[in-house]
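# Coordinate analysis (summary)
Next come the chains, spelled out residue by residue.
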Amino acid sequence: MTRRAVGLWVWVHRWSSLVCTVFALLLCLTGLPLIFKDELGPDLQLAATTAPPGSASVDSMVARALAARPGEVVPYLFYDREHPILKVPTAASMTADPASFHYQVFDTRTGQQIEIPQPNEGFLYVMTRLHLDLFGGVLGTLFLGFMGLLLVVAIVSGVVLYGPFTRRLAFGVVRTDGSRWRTWLDLHNLLGIVTLAWFGVVSFTGVINTLAAPIELAWQANQLVEMAAQAKPTEIAGQHASTDTVLRHVRAAVPGMNVMTVAFPGTPFATPSHVAIFLTGNTPITSRILKPALADASTGQVVSVRDMPWYATALFMSQPLHFGDYGGLPLKIIWALLDIATIVVLISGLYLWWTKRPRRRSAVEAEGLAS
């Protein structure tokens, strides 16, 4: 490349990095404990039993949850991907902010209630909110998405500059016989190129994840309306199918899949006359892809099942790549080590910029005196 082109790429790399580095550091630091969220989560202390998951009545669990919170409603049901438990949130209304939910957890084999801390409290909750939206809701999420785009630009420009800046050095050399600044520069370049693929994937999938809210709105406005229009609900005054009936029908209609979420009529993810059920497959890949189904709220019969649109599937597939939670503890440890290496890259980048400022200022002053 010409000297002018190198100078342009240096400017792009410097300023794209400086603008997003503080937020990238925050995301790396908060993401580190989230990699081990399952290991750091509460001990469920599940009772030993031979009963299979799903044996207990869901309606009974919902009734107990409502009895413990008079005046509230149950908008959703959340199944756990790894454990035989059901999270039953209660709220003031069907459209209440999820941050205000009060959760009660039950063993799906026995129906026994499990006492655990609220999922929307504690250290992991704070780390999650800082990582997702800085406690700023959708605007905070979109802001972090923009910072992620700048980070992708910084990564690409860093790759472009790696060759010109290291062409006279053997790969992996960290010079320790000169200035401290040069040692940190070599370390910054080495760790940056070693973590390149991982950092690029995590940054890009992180940007995709920030689009979750717009993707949900697009699904609600398009596919949910189309699914509801496929079959006119059976309006029978005062008749509402039990949740157990709905689940029995949906498992028969979509065999071999696991129910993950149930959205009751009146919530943003269902209709006033339908129950929405979201299922996943049993393989490492299909377990991350949701398949929505709608059931008639009066009869419990499944009226529509279809695959999620491609943009929603892209979102679901990006999530395990972002957190590295699809390969067990060994992959999580690798993700954590790469995360720590990335933290060093970011801090060293700030150090290199900060310590070079006096040099740059001195050079400008010397040029002014010479003229």
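Each chain has its residues counted from 1, following the order in which its sequence is written. The model is predicted, so local features are restricted to residues of pLDDT at least 70 and side-chain atom pairs to those at 80 or more, both for listing and for counting; the totals for chains, interfaces and linings are taken over all residues. Side-chain numbers come from the whole structure's heavy atoms, not from hydrogens or water.

### Digging into the overall build of the protein
What counts as a helix is a DSSP run of H or I of at least four residues, what counts as a strand is a run of E of at least two, and both are numbered from the N terminus. If you tally the helices and strands in the protein, you get 11 helices and 8 strands. Only the protein chains shown count as cover for residues, with accessible areas throughout obtained via the Shrake-Rupley method and a probe of 1.4 Å. Accessible surface for the protein amounts to roughly 19500 Å². Of this, 65% is attributable to carbon and sulfur atoms. In this count, Lys and Arg are taken as positive residues and Asp and Glu as negative ones, while His and the chain termini are left out. Every charge is mapped onto a representative atom, which is NZ of Lys, CZ of Arg, CG of Asp or CD of Glu. Taken together, the 27 basic and 24 acidic charged side chains of the protein have centroids lying 14 Å from each other.

### Quick word on the packing of helix H5 (residues 137–166) against helix H7 (residues 196–209)
Where H5 contacts H7, the two axes come as close as 8 Å, and the packing angle between them is 155°. When the interaxial angle is binned, H5 and H7 end up roughly antiparallel. Read as a crossing pair, H5 and H7 show a hand that is left-handed. Across the interface between the two elements, Gly 145, Gly 148, Leu 149, Leu 151, Val 152, Ile 155 and Val 159 of H5 pack against Leu 196, Phe 199, Gly 200, Ser 203, Phe 204 and Val 207 of H7. Lines fitted to C-alpha atoms define the axes here, with helix axes fitted over just the stretch in contact, and angles between the N-to-C directions of these axes take values from 0 to 180 degrees. To sort the angles, those under 35 degrees are grouped as roughly parallel, those over 145 as roughly antiparallel, those from 65 to 115 as roughly perpendicular, and the leftovers as oblique. Left-handed describes a crossing whose near helix is turned anticlockwise from the far helix by less than a right angle; the clockwise case is right-handed. The contact rule is simple, with two residues in contact once any of their heavy atoms fall within 4.5 Å.

### Focus on the sheet that holds strand E4 (residues 113–114)
Taking strand neighbours across the sheet as the criterion, the 8 strands line up as E4-E3-E2-E1-E5-E6-E7-E8 in an open arrangement whose pairing is antiparallel. Whereas interior strands pair on both sides, the edge strands pair on one side only; in this sheet they are E4 and strand E8 (302–305). The pairing criterion for strands is at least two bridges between them, as found by DSSP. Both strand E7 (residues 291–296) and E8 contribute to a ladder of 3 bridges, which runs antiparallel. Paired with Leu 294 across the bridge in E8 is Ser 304. Strands strand E6 (274–280), E7 and E8 of the sheet are contacted by helix H8 (residues 212–229), whose axis makes an angle of about 45° with E7.

### A look at the pattern of salt bridges
Whenever Lys or Arg places a side-chain nitrogen within 4 Å of a carboxyl oxygen from Asp or Glu, that contact is recorded as a salt bridge. One pass over the structure, following the stated rule, counts 7 salt bridges. Among the ionic pairs, Asp 133 bridges to Arg 129, the shortest N-O distance being 3.1 Å. The exposure class of Asp 133 is buried, given its relative accessible area of 9%. Working definition: with a 1.4 Å probe on protein chains only, accessible area under 20% of the residue-type maximum means buried, over 50% means exposed, and in between means partly exposed.

### Here's the deal with the packing of aromatic side chains
For this analysis, a ring pair means two rings from Phe, Tyr or Trp (six-membered ring only for Trp) whose centres lie within 6.5 Å, classed as stacked if their planes differ by under 30 degrees, edge-to-face if by over 60, and tilted for the remaining angles. Counted according to the given criterion, the structure contains 12 aromatic pairs. Where Trp 198 meets Phe 199, the ring centres are 6.4 Å apart and the plane angle is 20°; that geometry is what we call stacked. A single burial state applies to Trp 198 and to Phe 199, both of which are buried. Aromatic pair Trp 353 and Trp 354: ring centres 5.8 Å apart, planes at 55°, arrangement tilted. On the accessibility criterion, Trp 354 (51% relative accessible area) is exposed. Following the ring pairs from residue to residue traces out a cluster consisting of Tyr 76, Phe 78, Phe 101, Tyr 103 and Phe 269.

### Overview of a nonpolar patch on the surface
Patch construction takes residues with relative accessible area above 30% that form no salt bridge. Like charges are linked within 9 Å, and nonpolar side chains (Val, Leu, Ile, Met, Phe, Trp, Tyr) are linked within 5 Å. A cluster of nonpolar side chains, contributed by Val 138, Leu 139, Leu 142 and Leu 211, occupies part of the molecular surface with about 380 Å² of accessible area. With respect to the helices and strands, Val 138 occurs in helix H5. Of the residues examined, Val 138 reaches a relative accessible area of 47% and is grouped as partly exposed.

### Regarding unusual backbone geometry
Positive phi, close to 50°, is recorded for Gln 45, a residue that is not glycine. The topology assignment puts Gln 45 in the loop between helix H2 (37–40) and helix H3 (58–68). Phi at Leu 134 is positive, roughly 55°, even though this residue is not glycine. As for its position among the elements, Leu 134 is in the loop between helix H4 (123–132) and H5. Take Leu 134: its relative accessible area is 28%, and that puts it in the partly exposed class.

### A closer look at the nonpolar core
What makes a nonpolar core is a set of buried Ala, Val, Leu, Ile, Met, Phe, Trp, Tyr and Cys residues whose side-chain atoms join them at distances within 4.5 Å. Of all hydrophobic cores here, the largest spans 25 residues; its most connected members are Leu 77, Val 259, Val 262, Ile 277 and Leu 279. Residue assignment for this core shows that the elements contributing at least two residues are H3, strand E1 (76–79), strand E2 (85–90), helix H9 (243–253), strand E5 (258–263), E6 and E7. At 4 residues, H3 tops the list of elements feeding residues into this core. Not counting residues up to four positions away in its chain, the partners in contact with Val 262 are Pro 75, Tyr 76, Leu 77, Leu 247, Val 275, Ala 276 and Ile 277.

### What to know about the side chain of His 322
If you trace the backbone, His 322 turns up in helix H10 (residues 310–323). When its relative accessible area of 13% is taken as the criterion, His 322 is described as buried. Pairs of N or O atoms are called polar contacts if they sit within 3.5 Å, as long as, within protein, a hydrogen donor faces a hydrogen acceptor (for residues adjacent in sequence, only side-chain-to-side-chain pairs). At 3.0 Å, the side chain of His 322 forms a polar contact with the backbone oxygen of Val 202. A distance of 3.4 Å separates the side chain of His 322 from the backbone nitrogen of Gly 206, its partner in a polar contact. Setting aside residues up to four positions removed in sequence, His 322 forms contacts with His 131, Val 202, Thr 205, Gly 206, Asn 209 and Trp 335.

### Some thoughts on the confidence of the model for the protein
Taken as a whole, the protein shows an average pLDDT of 85; of its residues, 93% reach a score of 70 or greater. Between residues 361–371, whose pLDDT stays under 50, and residues either more than four places distant or in other chains, the model counts 0 contacts. The predictor reports its confidence for every residue as pLDDT, a score running from 0 up to 100.

### Some thoughts on the pairing of E1
Pairing analysis gives 3 bridges linking E1 to E5, with the strands arranged antiparallel. The partner of Leu 77 across the bridge, within E5, is Val 262. The sheet contact formed by E1 and E2 spans 2 bridges and is antiparallel. Bridging from a neighbouring strand, Tyr 79 pairs with Leu 86 of E2. In sequence, E1 turns back onto E2 through a hairpin of 5 residues.

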